[in-house]
Number of protein chains: 2
Amino acid sequence: MSYTFARRTDGLRSSAIRDLLKLTEVDDMLSLAGGLPAPDSFPLLDLRRAADRLLGEHGPRAVQYSATDGVVELRGWLAGEYSAALGREIAVEGQIVVTHGSQQALDLLAKVLVDPGDVVVTESPAYLGAVQAIELFQPRFEVVPGDEHGMRVDVLADRLAAGLRPRFVYVVPNFHNPSGATMSLDRRRLLAELADRFEVLIVEDDPYGAIRFSDDPLPPVASFTERAVHLSTFSKIVAPGFRVGWMIGPPEVMGWVARAKQAADLHTSTFAQLVLTDLVATPGWLDEQRARIVPIYRDRCVALADALDAGLGERISFHRPNGGMFLWTEFAELDDTTRLLSLALDRGVAFVPGNAFTIDQEPDPHARFSYATVPAERMGDAVERLVGAVDRAVRATG
Amino acid sequence: MSYTFARRTDGLRSSAIRDLLKLTEVDDMLSLAGGLPAPDSFPLLDLRRAADRLLGEHGPRAVQYSATDGVVELRGWLAGEYSAALGREIAVEGQIVVTHGSQQALDLLAKVLVDPGDVVVTESPAYLGAVQAIELFQPRFEVVPGDEHGMRVDVLADRLAAGLRPRFVYVVPNFHNPSGATMSLDRRRLLAELADRFEVLIVEDDPYGAIRFSDDPLPPVASFTERAVHLSTFSKIVAPGFRVGWMIGPPEVMGWVARAKQAADLHTSTFAQLVLTDLVATPGWLDEQRARIVPIYRDRCVALADALDAGLGERISFHRPNGGMFLWTEFAELDDTTRLLSLALDRGVAFVPGNAFTIDQEPDPHARFSYATVPAERMGDAVERLVGAVDRAVRATG
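The rules behind these values
Residues numbered from 1 in each chain as written. Chains lettered and ligands numbered in written order. Predicted model: local features only at pLDDT ≥ 70, side-chain atom pairs only at ≥ 80, totals over all residues. Heavy atoms only, no water. Helix = DSSP H or I, 4+ residues; strand = E, 2+ residues; numbered from the N terminus. Rg over C-alpha atoms; globule rule 2.2 N^0.38 Å. Buried < 20%, exposed > 50% of the residue type's maximum accessible area, 1.4 Å probe, protein only. Contact = heavy atoms within 4.5 Å. Areas by Shrake-Rupley, 256 points an atom, 1.4 Å probe, with all protein chains shown as cover. Lys, Arg positive; Asp, Glu negative; His and termini not counted. Charge placed at Lys NZ, Arg CZ, Asp CG, Glu CD. Expected span 1.5 Å × (residues − 1). Arc of directions from axis to C-beta. Pairing = 2+ DSSP bridges. Axes fitted to C-alpha atoms, helices over the stretch in contact; angles between N-to-C directions. Buried area = accessible area lost by both parts, 1.4 Å probe. Salt bridge = Lys/Arg side-chain N within 4 Å of Asp/Glu carboxyl O. Polar contact = N/O pair within 3.5 Å; in protein donor to acceptor, adjacent residues only side chain to side chain. Least-squares fit on C-alpha atoms with pLDDT ≥ 70 in both. Phe/Tyr/Trp six-rings, centres within 6.5 Å; stacked < 30°, edge-to-face > 60°.

Asks: Help me get a handle on the overall build of chain A, residues and values and all.
Replies: Of regular secondary structure, chain A possesses 13 helices and 14 strands. In summary, chain A has a C-alpha radius of gyration of 21 Å against a globular reference of 21 Å for 398 residues, a match within 12%. When the backbone C-alpha atoms are referred to their principal axes, chain A occupies close to 60 × 55 × 55 Å. Across the 398 residues of chain A, 62% fall into the buried class. Once local pairs closer than 6 in sequence are excluded, the contacts in chain A between residues at least 24 apart make up 74%. By element, 49% of the accessible surface of chain A is carried by carbon and sulfur atoms, the whole surface being about 14100 Å². Separation of charge centres in chain A, based on 40 positive and 55 negative side chains, amounts to 3 Å.

As structure tokens, this is what we get:
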């Protein structure tokens, strides 16, 4: 058989991360590669109680078909949260669509907004899953560089002024995957201004915002403009295995998305939505959960960053993230971290090479380290193994 | 904003069924419209026990990210079931993809197989959800008529012989939605032969097969050819609110589908897969569940058919289905059942007009009645209300 899909995806990146996950299932591998949340962050006992209550009290409704845009309990909770966060009223009807994880939000948005050849703006480096979801709809990616303060919105401004008209601009403003960067307040404001001035839609993906180590949160881009679709998920703050995310956006776009969602899978799991809503809508629950899990990530982040500083010093450079799950690094002596990876795997430590997060996938000196699942007390071992691999890689290229 | 999606879906059918469901939420409406399974068929107590065990014993794994093609427990169970049902070995790896309901299977198949203008063969009448999923990818539908023995495969044979080369042929062989028809053994064999002879893929969608009132099951089309993708789901035999379905197919197609699934939503809910597998993989459980729920549907089907015979006699014609949830009818005196519908709604009974299940949506004399959720003892009332509406409709057109 011969199909265009096969032809047009021949060059499609397989997920370097998923392929790696297979390699990292060996004994005693210390994996700084995966994007999995910390298993000890999951509120299993609360979930167990909620599931039991739900299947007892709600009866058949908890496992029956439900509305395409989400169960009203969850949309009601989201409307309250986001009316406060965005500083304008978000309606329960018409502005919210619950999705099967926020990955599905990206798929649906690309499906309704992108025709072959349309321009989509991403950062570099970019979240791999977003690139994968969008590239099936054959856009032309326009890459805007990022730094430790997020996308270089000034660069975007120049390109828009020069005539660039993207279908949307995709950003991860908080604790970016992979860069760890948080977009500055000034850039958020400017991005929103550009959206309004050039009538461009912003897709603001915020899966990690709740895992914040210190400081106050910055306002979402969607609080400065209505030309934004804001995505988030329960995957990191509660648990990913239920696959419940959501998007908040302009009624027109949400109407198309709901139509595409109905055709794609009718609706997101009724049971999963109700179980998770049962937890987060309990007054105080989310604050307690945050207080319980943020230290897990913060301690691991500090342990990894300290170990890298101690073990590699000037041979590696990075900015310490203020939240999320990822630390983005650059090796001074290497120009291709995919070769470092195989040496690292031999020594029992895994990471993701930087080129997995670029559109062109050219070898580069960056690497992403996830500190989410390795205990703080093992970070020293992990970095010791890494140093051995770096030494060997430098000798091989020297 | 102006996007091609909006333009190209301007004429897209909104789901007549979903729109109707809103109307049927009024007091004392007897709804023969919806496609919801019987709430009293859901094994709530077993689900409650399984959820409790799972969140206790499996721990974090039950709510963590998992493999794109499905958790290995479910794929293992499916491999065993389908190796037996199809009479050839179905491997745990490479031939199975677990989906977010079987609606998602249709979306993913259309995404990987259909380019704008490609031909897709459907029956008439056709399952609305399939048409909606596929039409977003802009195919040309080639409609082959059906009768009480399923798709007229002889008509398809003539068109293939004349040069038709569809991307795939979509059939619902058991207790078709909406027609209630079961494809005969001869037609199944011929369809498989045509698939092999003309190198055409069959998409065999079987959500209702387990709800069989009598007789032995007929072998799936996929048991006669490997050029078939077989879809099914837990939605009708256990509960739909978890959104767990699956597809079994040729490794090449399943590889593309898995890639598209990863981009679309990473994977289906880990927890939902494990809970449902916990039930169905328990020896004897599925037989007991079937024995418990089939009589619910059978009694309601008989009650509805008897009431229609008694109340309308020769004014309505239908074939009694041997399973599933739907009874497909033709009114002798009417040529547009959408007008009948509004009269019926006024009297407190709902159904779906036949043209909702056609590609062209021209008014027609058919109607689909679902007997799934109305108790047998209320069927007399429902039909009495319907007769009043028919009388009125006939007077209005006479």
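Asks: Outline helix 3 (residues 44–57) of chain B, supporting the account with residue identities and numerical values.
Replies: Along its 14 residues, helix 3 of chain B runs 20 Å from first to last C-alpha, staying within 8% of the 20 Å computed at 1.5 Å per residue. If you check which residues of helix 3 of chain B are buried, you get L44, L47, A50, A51, L54 and L55 of chain B. Projection of helix 3 of chain B onto a plane perpendicular to its axis shows the buried side chains occupying an angular sector of 125 degrees, all on one side. Away from its buried face by more than 90 degrees, helix 3 of chain B exposes L45 and E57 of chain B. At its buried positions, helix 3 of chain B is contacted by helix 3 (44–57) of chain A together with helix 10 (270–280) of chain B. Where helix 3 of chain B ends, the next residue or the one after it, G59 of chain B, has phi of about 65 degrees, a positive value.

Asks: I'd like a rundown of the sheet that holds strand 10 (residues 316–318) of chain A, residues and numbers included.
Replies: Strand order across the open sheet formed by four strands is 10-11-14-13 (chain A), with antiparallel pairing between neighbours. Each edge of the open sheet carries a strand with a single partner, namely strand 10 and strand 13 (352–353) of chain A.

Asks: Go over the sheet that holds strand 3 (residues 119–124) of chain A with me, naming the residues and quoting the values.
Replies: All names here are of chain A. In space, the eight strands of this open sheet follow the order 2-9-8-7-6-3-4-5, with mixed pairing throughout. Only two strands of the sheet have a single partner each, and these edge strands are strand 2 (96–99) and strand 5 (150–151). Relative to strand 8 (residues 228–233), strand 7 (residues 201–205) runs parallel, the two sharing four bridges. From the neighbouring strand, E204 faces strand 8, where its bridge partner is H230. Strand contacts of helix 9 (residues 251–265): strand 2, strand 7, strand 8 and strand 9 (245–248), with the helix running at about 30 degrees to strand 2, the strand carrying the most contacts.

Asks: Before we move on, can you summarise the interface of chain A and chain B with the specific residues and values?
Replies: Contacts between chain A and chain B engage 70 residues on the former and 70 residues on the latter. Interface area for chain A against chain B, summed over the two sides, is near 6400 Å², with a carbon-plus-sulfur share of 59%. Taken together, chain A and chain B are joined by four salt bridges. Here R48 of chain A ties to D52 of chain B by a salt bridge, and the two come within 3.0 Å at their closest N and O atoms. Across the chain A-chain B interface, the total number found is 25 residue pairs in polar contact (both at pLDDT 80 or more).

Asks: Lay out the relation of the copies chain A and chain B in plain terms, naming residues and giving numbers.
Replies: Superposing chain A onto chain B takes a rotation of 180 degrees combined with a translation of 0.0 Å along the rotation axis, leaving an RMSD of 0.0 Å. Taken together, the rotation and translation describe the operation of a two-fold axis. When you check the interface residues of chain A against chain B, 100% turn up at the interface there too, and the contact is symmetric in its surfaces.

Asks: Give a description of the packing of aromatic side chains that names residues and reports values.
Replies: All names here are of chain A. Tallying each qualifying case throughout the model produces 15 aromatic pairs over all chains. With a centroid separation of 5.7 Å and 90 degrees between ring planes, the pair formed by Y208 and F326 is classed as edge-to-face. Linking Y208 in the loop between strand 7 and strand 8 with F326 in strand 11 (residues 326–331), this pair joins segments that are 118 residues apart in sequence. Considered together, Y208 and F326 belong to a single accessibility category, that of buried residues.

Asks: So what's going on with helix 11 (residues 285–312) of chain A? Residues and values would help.
Replies: Taking 1.5 Å per residue, 28 residues should reach 40 Å; helix 11 of chain A reaches 41 Å between its end C-alpha atoms and fits that length. Two residues or fewer after helix 11 of chain A comes G313 of chain A, characterised by a positive phi angle close to 50 degrees.

Asks: So what's going on with the side chain of D118 of chain A? Which residues, and what values?
Replies: Residues and elements named next belong to chain A. Positionally, D118 belongs in the loop between helix 5 (101–113) and strand 3. Engagement of the side chain of D118 in a polar contact is seen with the backbone nitrogen of D115, the distance being 2.8 Å. Leaving out residues up to four positions away in the same chain, D118 has contacts with L113, Q138, P139, R140 and R167.

Asks: Describe unusual backbone geometry, and please don't skip the residues or the numbers.
Replies: N177 of chain A connects to P178 of chain A through a cis peptide bond whose omega is 10 degrees. Of note, P178 of chain A is situated in the loop between strand 6 (168–171) and helix 8 (185–198). The omega torsion of the bond from S124 of chain B to P125 of chain B falls at 0 degrees, within 30 degrees of zero and hence cis. Tracing the backbone shows P125 of chain B in the loop between strand 3 (119–124) and helix 6 (128–135).

Asks: Can you explain the environment of L334 of chain A? Please cite residues and give values.
Replies: All names here are of chain A. Checked against the element boundaries, L334 lands in the loop between strand 11 and helix 12 (337–346). It is 8.5 Å that separates the C-alpha atoms of L334 and V390, two residues lying 56 residues apart in sequence. Excluding residues that lie within four positions of it along the chain, L334 makes contacts with L340, P365, A393 and V394.

Asks: Could you give an account of the pattern of salt bridges, naming the residues involved and the relevant values?
Replies: Under the definition given, this model contains 48 salt bridges over all chains. Residue E93 of chain B is joined to R75 of chain B by a salt bridge in which the shortest nitrogen-to-oxygen separation is 3.4 Å. Of this pair, E93 of chain B sits in the loop between helix 4 (72–86) and strand 2 (96–99) while R75 of chain B is found in helix 4, placing the two residues 18 residues apart along the sequence. By relative accessible area, E93 of chain B is classed as exposed at 55%. Ionic pairing is found between K261 of chain B and D265 of chain B, a salt bridge with its closest N-O pair at 3.2 Å. Here D265 of chain B and K261 of chain B lie together in helix 9 (residues 251–265), a separation of four residues that amounts to about one turn. Given the relative accessible area of 0%, D265 of chain B is considered buried. The structure contains a network of salt bridges with shared partners spanning D28, R378, D381 and R385 of chain A.

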